Amino acid sequence: MKRIVIVTALLLGIAPLLLADEGMWLPSLIRGRIADMHAKGFKLTAEDIYSVNQASLKDAVLLFGGGCTGEVVSPEGLVLTNHHCGYYQIARHSSVEHDYLKDGFWAMARGEELPCPGLTVSFLERMEDVTAAVLQGVAGDAPAAWRDSVVLARSGDLVKAACARGAGLTASVEPLYYGNQYFLFVYKVYRDIRLVGAPPSSIGKFGGDTDNWMWPRHTGDFSIFRIYADASNEPADYSVTNVPYVPRRFFKISTAGVREGDFTFIYGNPGSTQEYITGEAVRWIGEVADPERIALRDLRLGIIKSYMARSQELRIRYSSRAATVANAWKKWQGESLGIRRMKTVAAKKAYEVRFAKWASASSYEGVVERIDSLLRLQEPYDFARFYYQEAVSQIELASFAASQVKILSEDPERAEASARSFFGQYSEEMDREMFLALMDRFNECVPEEFKPAYFKEQMDRYGSVAAWADAFFAESVFADPEQAVALKKRDLKTLREDPAFRFASAFSSWYRKEVLPEYQRLSGEIKLLQRDYMRGQMMMGGDRDFYPDANLTLRVAYGHVEGYSPSDGVYYTPVSTLKGVIEKDNPDIFDYDIPQSLRDLYAKSLQEDPAGVGMGTVPVCFLATNHTTGGNSGSPVINADGDLIGINFDRVWEGTMSDIVYDPDYCRNISLDIRYLLFVVRELGHADHLLNEITIVN
Ligand code: ARG
Ligand code: ASP
């Protein structure tokens, strides 16, 4: 319908109606959006974006590892992604002598590129709508279990056939729109990937958790890898005889710069969204689940931070844990706030009234009510579920006890080493504080009927969480490094009575038997109804465009460079520069302590510039309206000509409800300006040879 409107408008010479920048579109169906992309400035064709017959932009985009995106930028398989996506690989190659996290790493010759066993990159060969094949002969009212088994079997056949067509192929059939459609995705997976370059963390993580999810942002969040292949350019295990991969397509890099209003296109693998759930589901997330999980993480972060403040050593020890806890914590805050600001619950409920009218006397009648009544049954199980994950599972001594008992029974030789490594980072004092805070909150907030019998027994026995904690830490042999390191297989019988082990095993069996099964059973039923509701919403239509929820498959999100107003009286301009890095620079604050070499370089540039600006205008990051989520990290940011202008790495926290509802006023993705990458590689890495393999256009 929209297309007809646009085409008619074009024919009549009227400016076409622009659609919203919301959406994560399937590349193989991008023809349906290309008119809108053109109206917004894009100059290439749908075939340039995705084609199975010729090289297209999709051939330069890859799934990096299991949850990030990356892009090929040279004819010799050079790959860009984020620093936080390459972090694990940079860390594993780091040692006291070669601290690549701290100092950065630059391979000055091919032979210095570092193999990363286990790391893969996957190129999408093709995607194909297989709904007809998968659902052939399956009636709309077929029993769900039977339908599932048919879908599973046929998907298996399709996957097998697809993989048989070449070496190094993997495939999967993924449901879209809750299983109203099925798509086959075929990937070619390369597995000899080498680390080529990374800036020091003081650039790649500049701003740390303080600036995470925030604007203004000045993080140089990139790292560089290379794909190696065998002599015929096919995937191969690591070998010295492997050669750089020759891509079907690579991105050229544009240094022309970004201005507010410029067209931007993110090509990547968004992980998960839920744009079509009911108002009740949104209420639960925004008003209960998010606030509750935030509160649990507040407790944990408060404790971790108080330890980090004690010494530099403790700060380093706990910083990655704090970063992990803080990441979702901040995202949930934006999500919950955004849902309230947008009044999404009320908006969804109003929509559901219209839907009910439309659905009246059809097979869709009452579907929202049925979903909601199941949701209300499921909510207490969900509550218990995240209390298990966010509170119970965070008691380290209990997790250690459980894993030691497992190791002792399966592979006792490893037990001593694993105990030593645990005590290398364990603080009983901190764990005890966690126990007190988290179990107190468990006691207070988890409804009586959802507390496990074990928990009640302990509370009856000790009278308070504090007394229970005293006994727990005093009586467990796992809390005593000497004893714990010396434990042997023969001790297993007594160890199963140990308070730390009992804590872990009692809670885990409660979770596995009393929480999860019912939670999952209800999830299954809700998903089935949600499939109907999804189909109904699409049939009803209206002014909404239906893109499938993200599921870590390749998507196109297009938008434009734009700032935003986070609050009254404030407008954030969309481009940040090196001047801002220097403004934040502070040797006394870890997150803002830039390399001395950058400080010197900058000072020198000021001296040499009569205007006193020097390198102050070097661009660092920019904001745009692209609809992205976790998994889009490392995604290429492409301009109207199809050239690379940036690398996506984050969103602003005020817009993180975009996983549920997109707000054009607040949803902004944050990208590294590609020119900052070039600057860092040249000026700090002195790795000009890497720049020689890329193609720069203006
Ligand atoms: N917020 C970004 C994302 O969700 C970046 C996370 C890594 N950075 C950090 N400071 N924790 O992945
Ligand atoms: N930082 C996220 C990622 O790593 C991206 C986002 O959530 O916007 O994928």
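Sequence order sets the numbering: in each chain, residues are counted from 1 along the sequence as written. Starting at A for chains and at 1 for ligands, labels are handed out in the order in which the entities are written. Only residues with pLDDT of at least 70 are given local features in this predicted model, and only at 80 or more are side-chain atom pairs given and counted; all residues enter the totals for whole chains, interfaces and linings. To get the side-chain values, take all heavy atoms of the structure and skip hydrogens and water.

Student: Tell me about the overall build of the protein chain, residues and numbers included.
Tutor: Secondary structure assignment for the protein chain yields 25 helices and 22 strands. Atoms counted for the radius of gyration: C-alpha only. Globule rule: 2.2 Å times the number of residues to the power 0.38. Here the protein chain has a C-alpha radius of gyration of 27 Å; the compact-globule value for 698 residues is 26 Å, and the two agree. In terms of principal-axis extent, the alpha carbons of the protein chain reach across some 80 × 75 × 60 Å. Per-residue burial over the protein chain gives 55% buried out of 698 residues. Every residue pair with non-hydrogen atoms within 4.5 Å of one another is taken to be in contact. When contacts within the protein chain are restricted to residue pairs at least 6 apart in sequence, those whose partners lie at least 24 apart make up 76%. Exposure was quantified through the Shrake-Rupley algorithm and a 1.4 Å probe, taking into account, for residues, occlusion by the shown protein chains and nothing else. Carbon and sulfur atoms make up 54% of the accessible area of the protein chain, which amounts to about 29,500 Å² in all. Neither His nor the chain termini are counted; the positive set is Lys and Arg, and the negative set is Asp and Glu. The atom standing in for a charge is NZ when the residue is Lys, CZ when it is Arg, CG when it is Asp and CD when it is Glu. Within the protein chain, the 94 negative side-chain charges are centred at a point lying 4 Å from the centre of the 76 positive side-chain charges. Helix and strand definitions follow DSSP, with helices as H or I runs of at least four residues and strands as E runs of at least two, each counted in order from the N terminus. Burial classification: accessible surface area is computed with a 1.4 Å probe over protein chains only, and a residue below 20% of its type maximum counts as buried, one above 50% as exposed, and the rest as partly exposed.

Student: Break down the nonpolar core for me, with residues and values.
Tutor: With 175 residues, the main nonpolar core has Phe-478, Phe-503, Phe-507 and Tyr-676 as its most contacted residues. The greatest single-element share of this core, amounting to 16 residues, is contributed by helix α21 (residues 499-540). For Phe-507, the residues in contact, after removing those within four places along its chain, are Tyr-388, Val-392, Met-439, Phe-442, Pro-452, Tyr-454, Phe-455, Trp-468 and Arg-502. Among the nonpolar cores identified, the runner-up in size contains 24 residues, and Leu-101, Phe-123, Tyr-190 and Tyr-245 belong to it. We define a nonpolar core as any set of buried Ala, Val, Leu, Ile, Met, Phe, Trp, Tyr and Cys residues linked to one another through side-chain atoms lying within 4.5 Å.

Student: Help me get a handle on the side chain of Ser-155, residues and values and all.
Tutor: Looking at the element boundaries, Ser-155 is found in helix α7 (residues 144-163). On the basis of relative accessibility, which here comes to 11%, the residue Ser-155 falls in the buried class. Those residues in contact with Ser-155 that sit more than four places away from it in its chain are Val-134 and Val-173.

Student: Explain the site of ligand 1 to me, using residue names and the numbers behind them.
Tutor: In the vicinity of ligand 1, the contacting residues are His-84, Gly-208, Asp-209, Asn-212, Trp-213, Ala-323, Asn-327, Phe-649 and Asp-650. Polar contact criterion, stated in full: a pair of N or O atoms within 3.5 Å, where within protein one must be able to donate a hydrogen and the other to accept it, and residues adjacent in sequence count only if both atoms are side-chain atoms. Within the side chain of Asp-209, a nitrogen or oxygen atom sits 3.2 Å from a nitrogen atom of ligand 1. Isolated, ligand 1 exposes 350 Å² of accessible area, and the fraction of that covered by the protein chains is 80%. For this classification, the nonpolar set comprises Ala, Val, Leu, Ile, Met, Phe, Trp, Tyr, Cys and Pro, the charged set comprises Asp, Glu, Lys and Arg, and every other residue, Gly included, is treated as polar. Taken together, the residues of the shell around ligand 1 sort by class into 3 nonpolar, 4 polar and 2 charged. Whether a residue is near a molecule or strand is decided by its heavy atoms; if any one of them lies within 4 Å of it, the residue is near.

Student: Describe the pattern of salt bridges, with residues and values.
Tutor: Pairing between side chains becomes possible if they bear opposite charge and their charged atoms approach one another. One side-chain nitrogen of Lys or Arg within 4 Å of one carboxyl oxygen of Asp or Glu is enough to make a salt bridge. Going through the model one piece at a time under the given rule, you end up with 49 salt bridges. As a salt-bridge pair, Arg-283 and Glu-280 come within 2.9 Å of each other at their nearest N and O atoms. Of this pair, Arg-283 and Glu-280 both sit in helix α10 (residues 279-308), 3 residues apart, which is roughly one turn of the helix. Relative accessible area serves as the criterion here: at 24%, Arg-283 is assigned to the partly exposed category. Here Glu-390 makes a salt bridge to Arg-300, at a shortest N to O gap of 3.2 Å. Taken together, the residues Glu-390 in helix α13 (residues 367-390) and Arg-300 in helix α10 connect sequence positions 90 residues apart. Here the two residues Glu-390 and Arg-300 agree in accessibility, since each one is buried. Connected via shared salt-bridge partners are Asp-21, Arg-33, Asp-36, Lys-40 and Asp-545.

Student: Outline helix α12 (residues 344-359), listing residues and values.
Tutor: The end-to-end C-alpha distance of α12 is 21 Å, a good match for the 22 Å that 16 residues give at a rise of 1.5 Å each. Those residues of α12 that sit buried are Thr-344, Val-345, Lys-348, Tyr-351, Glu-352, Phe-355 and Ala-359. Taken around the axis of α12, the buried residues stretch over an arc of 125 degrees, which confines them to a single face. Exposed positions of α12 whose direction lies more than 90 degrees from the buried face are Val-353, Arg-354 and Lys-357. Where α12 is buried, its residues meet α10, α11 (312-341), α13 and α21. Of the residues flanking the end of α12, it is Ala-361, one or two places downstream, whose phi is positive at about 65 degrees. To estimate how far a helix should reach, multiply one less than its number of residues by 1.5 Å. Think of the arc as the fan of directions from the helix axis to the C-beta atoms.

Student: Run through the layout of surface pockets, naming residues and quoting values.
Tutor: As a volume, the largest pocket reaches approximately 1,500 Å³. Residue assignment for the lining of the largest pocket shows that the elements contributing at least two residues are α7, β7 (169-176), α10, α11, α13 and α21. In this structure, the second largest pocket occupies an estimated 1,300 Å³ of space. Cavities and pockets were defined on a 1 Å grid built from protein atoms only: a cavity is a group of points that admits a 1.4 Å probe but offers it no way out, a pocket is an open group of points flanked by protein on both sides within 12 Å along at least five of seven lines, and a lining residue is one with an atom within 4 Å of any such point. Lining the second largest pocket we find 39 residues, and of these Arg-315, Ile-316, Ser-319, Phe-590 and Asp-591 sit closest to its centre. Of all the secondary structure elements, the ones that give two or more residues to the lining of the second largest pocket are α5 (100-103), α8 (201-204), α9 (208-211), α10 and α11. Grid points are joined across faces, edges and corners, and a volume is the space filled by probe spheres set on the points.

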